[in-house]
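Understanding the architecture of this molecule
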Amino acid sequence: MSAAHDPALPELELLRSYRDEDELLERYLRKAAQGKAKLEILEAGCGQRWLLDLTGIEHTLTGVDLDEAALSYRKTVSKDLDEAIVGDLRDLQLGAGGFDVIYNSFVLEHIENAERVLENFSRWLRPGGLILLKIPDRNTVFGFLTNLTPFWFHVLYHRVVLGRKDAGKPGFGPYPTHYDRIVSRQGIREFCERNRFAIREERGLGTYVVESRPRARLIRLVTIAVSALSLGRLPWKHNNLTYVLEKGC
């Protein structure tokens, strides 16, 4: 994995909190719903729960996930999907132009040949449709360390550091990572240029920066140190990226 930070990239605007991130995406959902009787939404990699506020938006929510345990929980406990599909986003056949919005949150980093998934998104979206995308940035300190360490360490980190006791069990993350080139600022920009998508929003979020708990402060110190050792080639102020991508007409 090339860890080099591209100096040609514009300065990344950082979100101040998780709530700011959600509110940004919710604004675009409400804008997309204007003038439509019903908003057709695909949650691609739906997991156990939906996180955004859809109050007042007439919609149909279709969820796709490869993890049958997570999807079963979603169907029997959350009960917020109009349709649930078990399938691989690389091979799934959903037809062309069926959705107004595709929401994809922290999924691409777990998929080998992730660009194929984005190409499917392009096909499944209507002209002017939106991809609401959250990914880690592989070309940061956090992305570099995640790609460098084995999967068992990721599970241990989630259980011990993040306090997620069910981490690694069926239906619960983390999942093995691949971190294809497209899982980065450079990769997303190249995809958009090739596939006629406009980047309406590109924001960064440093989860360990916005939190004030002792473990977050410790992680922040470690990432700063690793960034310094990389001579600044690995950014530390963000680990995640949030995008709103609009399909060309």
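Structure: see above.
Being a predicted model, the structure only gives us computed values, none of them experimental. (Residues numbered from 1 in each chain as written. Predicted model: local features only at pLDDT ≥ 70, side-chain atom pairs only at ≥ 80, totals over all residues. Heavy atoms only, no water.)

1. A look at the overall build of the protein chain
- Looking only at helices and strands, the protein chain features eight helices and eight strands.
- Overall, the C-alpha framework of the protein chain stretches about 55 × 40 × 30 Å when taken along its three principal axes.
- Counting only contacts in the protein chain whose residues sit at least 6 apart along the sequence, the fraction spanning at least 24 positions is 72%.
- For the protein chain, the exposed area adds up to about 12,500 Å²; of that, 53% sits on carbon and sulfur atoms.
- With 35 positive and 34 negative side-chain charges, the protein chain shows a separation of 3 Å between the mean positions of the two kinds. (Helix = DSSP H or I, 4+ residues; strand = E, 2+ residues; numbered from the N terminus. Contact = heavy atoms within 4.5 Å. Areas by Shrake-Rupley, 256 points an atom, 1.4 Å probe, with all protein chains shown as cover. Lys, Arg positive; Asp, Glu negative; His and termini not counted. Charge placed at Lys NZ, Arg CZ, Asp CG, Glu CD.)

2. Points about the environment of P170
- Examined against the element boundaries, P170 turns out to sit in the loop between α5 (151-161) and α6 (185-195).
- Residues P170 and R90, 80 residues apart in the sequence, show an inter-C-alpha distance of 22 Å.

3. Observations concerning the sheet that holds strand β3 (residues 59-65)
- Strands sit in the order β1-β7-β8-β6-β5-β2-β3-β4 across an open sheet of eight strands; the sheet is mixed. On the outer flanks of this sheet lie β1 (13-14) and β4 (83-86), each paired with one strand and no other.
- Bridge analysis of strand β7 (residues 197-205) against strand β8 (residues 240-247) gives eight bridges, and the strand direction is antiparallel. Looking at β8, one finds that I199 is bridged to L245.
- Sheet strands touched by helix α1 (residues 18-33): β2 (39-44), β5 (99-105), β6 (125-136), β7 and β8. Its angle to β6, the strand with the most contacts, is close to 175°.
- Relative to β4, helix α2 (residues 68-78) is tilted by about 170°, and along the sheet it contacts β2, β3 and β4. (Pairing = 2+ DSSP bridges. Axes fitted to C-alpha atoms, helices over the stretch in contact; angles between N-to-C directions.)

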